[in-house]
Amino acid sequence: MERQPLTQRESDDPEGLRSYANEADVPWKAVYLAVGLLIAGTIMLFTGIGLWATDPDAHGFVLFTLGLVIFIPGFYYSRISYYAYKGHPGFSFDTIPAV
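Residues numbered from 1 in each chain as written. Predicted model: local features only at pLDDT ≥ 70, side-chain atom pairs only at ≥ 80, totals over all residues. Heavy atoms only, no water.

Trainee: What exactly am I supposed to notice about the overall build of the protein chain here?
Mentor: A tally of regular secondary structure across the protein chain gives three helices and zero strands. When the helices and strands of the protein chain are read in sequence order from the N terminus, they spell out α-α-α. Counting the 99 residues in the protein chain, one finds 19% classified as buried. A separation threshold of at least 6 residues defines the contact pool for the protein chain, and within that pool the share at least 24 residues apart is 53%. A total accessible area of about 7,400 Å² is found for the protein chain, and carbon and sulfur atoms account for 65% of it. (Helix = DSSP H or I, 4+ residues; strand = E, 2+ residues; numbered from the N terminus. Buried < 20%, exposed > 50% of the residue type's maximum accessible area, 1.4 Å probe, protein only. Contact = heavy atoms within 4.5 Å. Areas by Shrake-Rupley, 256 points an atom, 1.4 Å probe, with all protein chains shown as cover.)

Dropping the structure here:
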């Protein structure tokens, strides 16, 4: 039985741990937006929890809800960006919407 020749990607990185091949194809604007949403959502979440815990009549619940709405897409797209950059199978920058 004859072995099949390795593709370019397999021969360069047999472990499959190569990072994203062409950095020019990385949608940096979308990545920065995702990280910004993640950071802003995290800050709003913790601020909302703090306000809600100290004074239930304050607008802490509103800030918490808004932070959650901002945090979820920020976390989702930041995770996709990270795994796509690291070259994990099944993750691609093509799944991130263009900004």
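Structure's up, so let's keep going.
Trainee: Even after reading the chapter, I still don't get helix H3 (residues 60-86), so can you show me in this structure?
Mentor: End to end, H3 covers 37 Å across 27 residues, agreeing with the expected 39 Å (1.5 Å per residue, within 8%). Looking at H3, one finds that the buried residues are Gly60, Gly67, Ile70, Gly74, Ser78, Ile80, Ser81 and Ala84. Each element contacted by the buried residues of H3 is listed here: helix H2 (28-54). Trailing H3 by a residue or two, Gly87 shows a phi angle of about 85°, which is positive. (Expected span 1.5 Å × (residues − 1).)

Trainee: Sorry, what's going on with the nonpolar core here?
Mentor: In a soluble, globular protein the nonpolar side chains are often hidden away together inside. One finds Val26, Ala30, Val31, Ile80, Ala84, Phe93 and Ile96 forming the largest nonpolar core, which totals seven residues. Looking at this core, the elements that each hand over two or more residues are H2 and H3. (Core = buried A, V, L, I, M, F, W, Y, C linked by side-chain atoms within 4.5 Å.)

Trainee: Would you explain H2 in this entry?
Mentor: An α-helix turns once per 3.6 residues; consequently, residues spaced three or four apart project the same way. End to end, H2 covers 39 Å across 27 residues, agreeing with the expected 39 Å (1.5 Å per residue, within 8%). Residues of H2 that are buried include every one of Ala30, Val31, Ala34, Gly41, Leu45 and Gly48, and no others. Those residues of H2 that are buried are in contact with H3.

Everything listed here is a matter of coordinates, which is why it stays silent on function.
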